[in-house]
Amino acid sequence: MKYKTILVIFIVAFISSTLFSLRIPCDAQNTCEKTESSQYSLFSKINNGYIGMIFFSFLILITVSHIKNPRKFKKTIIHSGIIIGSIIAIYFIYLQQFILKSYCKYCIVIDIGILISLVIAIFTWKK
């Protein structure tokens, strides 16, 4: 059940990354474009949405594989991806809140989703 829930979160994050990469406006002020084009963008020459799509595609594939055929190394990859994603999510939330003072709705969905995955992973670590 844990990995099925995490899989759903990864799929939602993948969809949000796709919408972000297609530059579909998330609101009337186009705050998504503002966050992407800021000097704090991790990869100024590459759309961060594409990186999110690759990251979540990989995690989706590994999670589906783990659900069908559980292995310890797959669990380690999933948990590592969640931890790395959570660190990046905290950084992005900090930037949007305190530096840019504007929010990209797609980014917030991704960030909150990955943080929820972290909470699920922590509370069910031994199971």
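Preceding this paragraph is the structure being described.
Quick look at the structure, then. This is a predicted model, so every value here is computed, not measured.

**Notes on the packing of helix H4 (residues 72–100) against helix H5 (residues 105–123)**
Right, so step 1: Orientation of H4 relative to H5, taken along the N-to-C sense of each, is 135°, at an axis distance of 8 Å. By the angle between their axes, H4 is oblique relative to H5. Crossing geometry of H4 relative to H5 is assigned as left-handed. For the pair formed by H4 and H5, the contact residues are His79, Ile82, Ile83, Gly85, Ser86, Ala89, Ile90, Phe92, Ile93 and Gln96 on the first element and Cys107, Ile108, Asp111, Ile114, Leu115, Ser117, Leu118 and Ala121 on the second.
Right, so step 2: Classifying every residue of the contact of H4 with H5 by side-chain character gives 12 nonpolar, five polar and one charged.

**Remarks on helix H1 (residues 2–21)**
Right, so step 1: Under the 1.5 Å per step criterion, the end-to-end length of H1 is 28 Å for 20 residues, consistent within 8% with the ideal 28 Å.
Right, so step 2: Those residues of H1 not exposed but buried are Lys2, Tyr3, Ile6, Leu7, Ile9, Phe10, Ala13, Ser16, Ser17, Phe20 and Ser21.
Right, so step 3: At the C-terminal side of H1, Arg23 shows a positive phi close to 60°.

**Focus: the side chain of Ser16**
Right, so step 1: Tracing the backbone shows Ser16 in helix H1.
Right, so step 2: Discounting chain neighbours no more than four positions away, the residues touching Ser16 are Tyr106, Val109 and Ile110.

**Describing a nonpolar patch on the surface**
Right, so step 1: Taken together, the side chains of Val8, Val12 and Val109 define a hydrophobic patch exposed on the protein surface, amounting to about 230 Å² of accessible area.
Right, so step 2: Position of Val12 relative to the elements: it lies in helix H1.

**Observations concerning the packing of aromatic side chains**
Right, so step 1: In this structure the tally under the stated criterion is four aromatic pairs.
Right, so step 2: Pairing Tyr94 with Phe98 gives two aromatic rings, centres 5.5 Å apart and planes at 40°, and the pair type is tilted. On the criterion of helical spacing, the pair formed by Tyr94 and Phe98 is a turn pair, its members being four residues apart in helix H4.
Right, so step 3: The class for Tyr94 is partly exposed, based on a relative accessible area of 43%.
Right, so step 4: One aromatic cluster is present, built from ring pairs that chain together Phe10, Phe55 and Phe56.

What counts as what
- Residues numbered from 1 in each chain as written.
- Predicted model: local features only at pLDDT ≥ 70, side-chain atom pairs only at ≥ 80, totals over all residues.
- Heavy atoms only, no water.
- Axes fitted to C-alpha atoms, helices over the stretch in contact; angles between N-to-C directions.
- Helix = DSSP H or I, 4+ residues; strand = E, 2+ residues; numbered from the N terminus.
- Parallel < 35°, antiparallel > 145°, perpendicular 65-115°, else oblique.
- Left-handed = near helix turned anticlockwise from the far one by under 90°.
- Contact = heavy atoms within 4.5 Å.
- Nonpolar A, V, L, I, M, F, W, Y, C, P; charged D, E, K, R; others polar.
- Expected span 1.5 Å × (residues − 1).
- Buried < 20%, exposed > 50% of the residue type's maximum accessible area, 1.4 Å probe, protein only.
- Patch = residues over 30% accessible without salt bridge, like charges linked within 9 Å, V, L, I, M, F, W, Y side chains within 5 Å.
- Areas by Shrake-Rupley, 256 points an atom, 1.4 Å probe, with all protein chains shown as cover.
- Salt bridge = Lys/Arg side-chain N within 4 Å of Asp/Glu carboxyl O.
- Phe/Tyr/Trp six-rings, centres within 6.5 Å; stacked < 30°, edge-to-face > 60°.

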